[in-house]
Amino acid sequence: MAVTCHDLVITRGTFRLSAHWNLPEGARLALIGPSGAGKSLFLGALAGFEHIVQGSVRVAGEDITEMPPAKRPVTLMFQDNNLFGHLDLRENVGLGRNPALRLDDRDRADIDAALAAVGLGELGHRLPKEVSGGQQSRAALARALIRNQKLLLLDEPFSALGPGLRREMLALVGRIQKDQNATLIYVTHNPEDARSADFVSFVDEGIVHQPVETQTIFENPPDRLADYL
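### What about the packing of aromatic side chains?
Thought 1: Summed over the entire model, instances satisfying the criterion amount to two aromatic pairs.
Thought 2: Between R195 and the ring centre of F218, over which it is positioned, the NZ or CZ distance is 4.1 Å.

### Looking at the nonpolar core
The tendency in soluble globular proteins is for nonpolar side chains to be buried as a group.
Thought 1: Counting 39 residues, the largest nonpolar core has L141, L154 and F158 as its most contacted members.
Thought 2: Considering every element that reaches this core, the biggest residue donor is helix α4 (residues 133-145), with six residues.
Thought 3: Apart from residues lying up to four places away in sequence, L154 is in contact with L43, M77, V173, L184, I185, Y186 and V187.

### As for the environment of N92
Thought 1: Checked against the element boundaries, N92 lands in helix α2 (residues 89-94).
Thought 2: As for N92 and P24, which are separated by 68 residues in sequence, their C-alpha atoms are 31 Å apart.
Thought 3: Other than its neighbours up to four places away in sequence, N92 contacts L83, F84, L87, P128 and R143.

### Side note on the pairing of strand β4 (residues 52-59)
Across a regular strand the side chains alternate sides, sitting on one face of the sheet and then on the other.
Thought 1: Taken together, the six bridges between strand β1 (residues 3-12) and β4 define a ladder with antiparallel strand orientation. Across the sheet, T4 pairs through a bridge with R58, a residue of β4.
Thought 2: With two bridges joining them, β4 and strand β5 (residues 62-63) adopt antiparallel strand pairing. Within β5, the position partnered with V59 by the bridge is E62.

### Quick look at the pattern of salt bridges
Thought 1: Summed over all chains, the structure comprises 12 salt bridges.
Thought 2: Across the salt bridge formed by D107 and R97, the nearest N and O atoms sit 2.9 Å from each other. Note that D107 is positioned in helix α3 (residues 105-117) and R97 in the loop between α2 and α3, a separation of 10 residues in sequence.
Thought 3: Look at R97 and you get partly exposed, because its relative accessible area is 29%.

### Quick notes on the pairing of strand β3 (residues 28-32)
Thought 1: Across the five residues that make up β3, a large majority, five, are buried.
Thought 2: Residue alternation in β3 divides its side chains into two sets, R28, A30 and I32 and L29 and L31, and both sets are buried.
Thought 3: Note: β3 against strand β8 (residues 183-187), four bridges, orientation parallel. Paired with R28 across the two strands is L184, which belongs to β8.
Thought 4: When β3 meets strand β9 (residues 199-204), the two strands line up parallel, connected through four bridges. Among the inter-strand pairings, I32 is bridged to a residue of β9, identified as F202.

### Side note on helix α5 (residues 163-180)
Thought 1: Between its first and last C-alpha atoms α5 spans 26 Å; for 18 residues at 1.5 Å apiece the expected length is 26 Å, and the two agree.
Thought 2: The set of residues buried in α5 consists of R166, M169, L170, L172, V173, G174, I176 and Q177.
Thought 3: Summarising the contacts, the buried residues of α5 are in contact with β3, α3, α4, β7 (151-155), β8 and α6 (191-194).

### Concerning the environment of I185
Thought 1: The topology assignment puts I185 in strand β8.
Thought 2: Taking C-alpha positions, I185 is 15 Å from M169, a pair spaced 16 residues apart along the chain.
Thought 3: Not counting the four nearest positions on each side in its chain, I185 is found in contact with L23, L29, L31, L43, L46, L151, L152, L153 and L154.

Basis of the calculations
Residues numbered from 1 in each chain as written. Predicted model: local features only at pLDDT ≥ 70, side-chain atom pairs only at ≥ 80, totals over all residues. Heavy atoms only, no water. Phe/Tyr/Trp six-rings, centres within 6.5 Å; stacked < 30°, edge-to-face > 60°. Lys NZ or Arg CZ within 6 Å of the ring centre and 35° of its normal. Core = buried A, V, L, I, M, F, W, Y, C linked by side-chain atoms within 4.5 Å. Buried < 20%, exposed > 50% of the residue type's maximum accessible area, 1.4 Å probe, protein only. Helix = DSSP H or I, 4+ residues; strand = E, 2+ residues; numbered from the N terminus. Contact = heavy atoms within 4.5 Å. Pairing = 2+ DSSP bridges. Salt bridge = Lys/Arg side-chain N within 4 Å of Asp/Glu carboxyl O. Expected span 1.5 Å × (residues − 1).

As structure tokens, this is what we get:
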């Protein structure tokens with residue numbers, strides 16, 4: 001299994017979130033549920049930014065529960081894209097390879113290839129403010145992908161985009177994910193975005209529920225998911 005959550009418990013203040021399930025390697029999992037249910041908290045715990053008080057997380061068979069974020073085989077792409085305005089797109093992507101931007105020729109070639117893969121091959125010299133919101137999202141995606149990690153986490157990074165562009169970005173993520181043989185977990189509030197996943201996990205009442213095949217869960221949703229939808 002690519003991701004295993006074993007009796008996992010995460011807390012923030014008085015809020016408690018639990019998960020106990022497996023996800024196959026190379027799968028795409030959509031997390032869907034009401035605001036405040038804990039979807040982003042769960043991603044933060046997988047990435048190492050939230051404290052796990054009980055249980056364990058394994059990625060590709062490796063226990064990462066106590067690993068610092070920088071050592072985990074995990075990349076998290078945030079909702080606001082988190083681009084640095086004083087750096088051009090090429091430099092922003094380069095941060096994914098080396099946070100100090102100490103880059104060799106191989107690194108620079110990989111950066112150019114990542115920009116080309118997301119359709120920004122000619123725009124690497126531009127600052128974030130000089131490109132559109134969709135292009136900023138593409139640059140942030142290129143920075144995430146250049147890390148080439150086993151687990152890619154997306155915390156609603158395309159929520160500010162229109163429906164057509166959002167679908168285009170999710171399709172692009174899917175193509176590159178398959179090329180890298182990565183496993184993908186992404187947060188969405190949009191049922192249509194969730195339908196492009198292999199599995200869906202409903203997050204509600206403090207539980208990240210067992211992933212269910214997408215067609216199955218939408219054809220026969222549990223009561224609380226049906227209410228949410």
